[in-house]
Amino acid sequence: MRVAAYVSFVVLTCAWSVLSEARLEVPMTLVRNASEKGALCLDGSSPAYHLDRGFGAGASNWLLQFEVSFIFATNPRAPHQQFRRPKELPMWCSDSETKSCLERAGTRRGSTRYMSKYEVFSGILSNDASLNPDFYNWNRVKLRYCDGASFAGDAKFDNGTTILYFRGQKIWQAIISDLLPKGLSKAKKALLSGCSAGGLASFLHCDNFTSFLPQNASVKCLSDAGFFLDEKDIRLNHSMRAYFEDLISLQGVEKNLHENCTSSLYYPHLVGFSATLLKYSSFHHILVPPSADLHGRWNRCKLDPMACNPNQLNILQGFRKYMVTALKQFYAYSRRGGMFINSCFAHCQSESQDTWFAFDSPRLNNK
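Residues numbered from 1 in each chain as written. Predicted model: local features only at pLDDT ≥ 70, side-chain atom pairs only at ≥ 80, totals over all residues. Heavy atoms only, no water.

K.L.:
Provide a residue-level description of the overall build of the chain, including the pertinent values.
P.N.:
Within the chain one finds nine helices and 13 strands. A burial count over the chain gives 53% of its 367 residues as buried. As displayed, the chain offers around 17000 Å² of accessible surface, 52% of which is attributable to carbon and sulfur atoms. (Helix = DSSP H or I, 4+ residues; strand = E, 2+ residues; numbered from the N terminus. Buried < 20%, exposed > 50% of the residue type's maximum accessible area, 1.4 Å probe, protein only. Areas by Shrake-Rupley, 256 points an atom, 1.4 Å probe, with all protein chains shown as cover.)

As structure tokens, then:
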């Protein structure tokens, strides 16, 4: 297998720094004939992407970035703090009768009708060599996220009054088909990346991505903050396992998961977790579901690590230990894969310039 998965998982604190950059605004491209292919957003609108063409030595190289489901913004007056941007929805939607999916269908997370028609490309998508030295001249694509299941579902919900389309897998295939004649089919180097729900999408589609490209192409996949664990929460319940089971069942995801993985597990739904997928290829909702934080103590800890009490810090360290243990098997048996694990208290680092490439960014061997 010629795929290497890179994992970035972020948990603690890092300093604030911002580099000035000219805003690169890239127009939206709606996928052609999407309806005929069954590739539809939750509300039935056509899926979309943004493409900024490569140039020079990078003209034959491609970077595809799955859009982040939501991001945390850093407070410049308190670098250790983060806050979730207002009116952002969870990474996935797992039920059709209540707000989870219905509400999402009426927002930019479920419909291209509400999306910005221009997207600012920064961080890993920047075209500035001083800010993105490795990929600035590549063909850079942002895949807009509108299905609520990491581009993996294939189902339809219709109760007679409401119709929701769970067509993430077909959206993925339709976007790739649109990009192939634009030069992707002749790529020399290619990187599939994404953060959060997009990071999980990188895991899910990594092998499939290579099948569209030339045999001699150098292909890699990067999952930024997309390593989701099947770990018990603070009440010792498998809340995330139940959440993924609902998600996979509702959106028809199981048939699109890794066949070798699903056939070898007693609980095939576990393939939805990145930690399980690695064997074969945000702590708040995972470790602390809202029902376990009625007084908001963990929410304050999440927003400001300085507000965490000793017991909370011990629990977080235990969660970190579980993550490192889950990664060891991949590290031990992968010949070509790699990991970069730093201690920035930031969810998603690849698309934000201050965490992707800044004066005080974490470095490895001074690079």
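K.L.:
Summarise the pairing of strand β4 (residues 61-66); cite the residues concerned and give the values.
P.N.:
Most of β4 is tucked away: six of the six residues are buried. Sheet topology places β4 next to strand β8 (residues 139-143); five bridges connect them, and they run parallel. By the bridge assignment for β8, F66 is matched with L143. (Pairing = 2+ DSSP bridges.)

K.L.:
Talk me through the side chain of S126; I want residue IDs and the actual numbers.
P.N.:
Relative to the assigned elements, S126 resides in the loop between β7 (118-120) and β8. For S126, a relative accessible area of 1% translates into the label buried. Only 3.1 Å separates the side chain of S126 from the backbone nitrogen of D128, close enough to count as a polar contact. (Polar contact = N/O pair within 3.5 Å; in protein donor to acceptor, adjacent residues only side chain to side chain.)

K.L.:
Now, about the environment of V31: what can you tell me, with residues and values included?
P.N.:
When you line up the elements, V31 lands in the loop between β2 (25-30) and β3 (48-52). V31 sits 143 residues away from A174 along the chain, and the two C-alpha atoms are 7.0 Å apart.

K.L.:
Go over helix α4 (residues 239-251) with me, naming the residues and quoting the values.
P.N.:
In an α-helix, one turn spans 3.6 residues, which is why side chains three or four residues apart end up on the same side. The first and last C-alpha atoms of α4 sit 18 Å apart over 13 residues, in line with the 18 Å expected at 1.5 Å per residue. Taken together, the buried residues of α4 touch β9 (155-158), β10 (163-166) and α3 (197-211). Immediately downstream of α4, the backbone of G252 shows phi near 65°, a positive value. (Expected span 1.5 Å × (residues − 1). Contact = heavy atoms within 4.5 Å.)

K.L.:
Can you tell me about the pattern of salt bridges, naming the residues and giving the values?
P.N.:
In this structure the tally under the stated criterion is twelve salt bridges. Of the charged contacts, one joins R23 and E25 as a salt bridge, the two residues approaching to 3.2 Å between their closest N and O atoms. With a relative accessible area of 60%, R23 lands in the exposed category. The partly exposed category is assigned to E25, whose relative accessible area is 43%. Across the salt bridge formed by R144 and E67, the nearest N and O atoms sit 3.1 Å from each other. Here R144, found in the loop between β8 and β9, pairs with E67, found in the loop between β4 and β5 (72-75); they are 77 residues apart in sequence, far enough to count as distant. Both residues of the pair, R144 and E67, belong to the buried class. One network of salt bridges, in which partners are shared, links E67, R109, E119, K142, R144 and E351. (Salt bridge = Lys/Arg side-chain N within 4 Å of Asp/Glu carboxyl O.)

K.L.:
Go over the state of the cysteines with me, naming the residues and quoting the values.
P.N.:
On inspection of all chains with the given rule, the structure shows five disulfides. Each sulfur of the disulfide joining C41 and C146 lies 2.1 Å from the other. Its S-S torsion of about -75° marks the bond between C41 and C146 as left-handed, since a negative value means left-handed. One end of the pair, C41, is in the loop between β2 and β3; the other, C146, is in the loop between β8 and β9, and 105 residues separate them in sequence. Both residues of the pair, C41 and C146, count as buried. The disulfide that involves C195 links it to C348, with 1.7 Å between the sulfurs. Looking along the S-S bond of the C195-C348 disulfide, the torsion reads about -95°, which is the left-handed sense. What links to what in the chain: the bonded cysteines, counted in sequence order, pair as 1-4, 2-3, 5-10, 6-7, 8-9. (Disulfide = S-S within 2.5 Å.)

K.L.:
Break down the side chain of E67 for me, with residues and values.
P.N.:
Among the residues examined, E67 registers a relative accessible area of 3% and is labelled buried. Within the local environment of E67, its side chain forms a polar contact with the backbone nitrogen of Y145, the two atoms lying 2.8 Å apart. In contact with E67, not counting residues within four places along its chain, are R108, R109, K142, L143, R144, Y145, C195, G198 and E351.

K.L.:
Quick one: what's the story with unusual backbone geometry, residue by residue and with numbers?
P.N.:
Non-glycine residue F151 carries a positive phi angle of around 60°. Mapped onto the elements, F151 comes out in the loop between β8 and β9. For A225, which is not glycine, the phi dihedral falls at a positive 55°. Within the element layout of this structure, A225 appears in the loop between β12 (218-224) and α4.

K.L.:
How would you summarise the nonpolar core if you had to cite specific residues and measurements?
P.N.:
Counting 49 residues, the largest nonpolar core has L64, W92, L179, L184 and F209 as its most contacted members. Broken down by secondary-structure element, the contributors of at least two residues to this core are β3, β4, β8, α2 (168-179), β11 (189-195), α3, β12 and α4. For F209, the residues in contact, after removing those within four places along its chain, are L64, W172, I176, A190, L191, L192 and V219. Core analysis: the second largest hydrophobic core is formed by twelve residues, F203, F227, L229 and F319 among them. (Core = buried A, V, L, I, M, F, W, Y, C linked by side-chain atoms within 4.5 Å.)

K.L.:
Account for the packing of aromatic side chains, naming residues and giving values.
P.N.:
The full count for this structure, using the stated rule, is seven aromatic pairs. Taking 4.9 Å as the distance between ring centres and 90° as the angle between the ring planes, the aromatic pair formed by F135 and W138 counts as edge-to-face. With a relative accessible area of 14%, F135 lands in the buried category. For W138, a relative accessible area of 10% puts it in the buried group. With a centroid separation of 5.6 Å and 25° between ring planes, the pair formed by Y145 and F151 is classed as stacked. Judged on exposure class, the residue Y145 and its partner F151 are both buried. Taken together, the ring pairs in this structure connect F66, Y145, F151, W172 and F209 into an aromatic cluster. (Phe/Tyr/Trp six-rings, centres within 6.5 Å; stacked < 30°, edge-to-face > 60°.)

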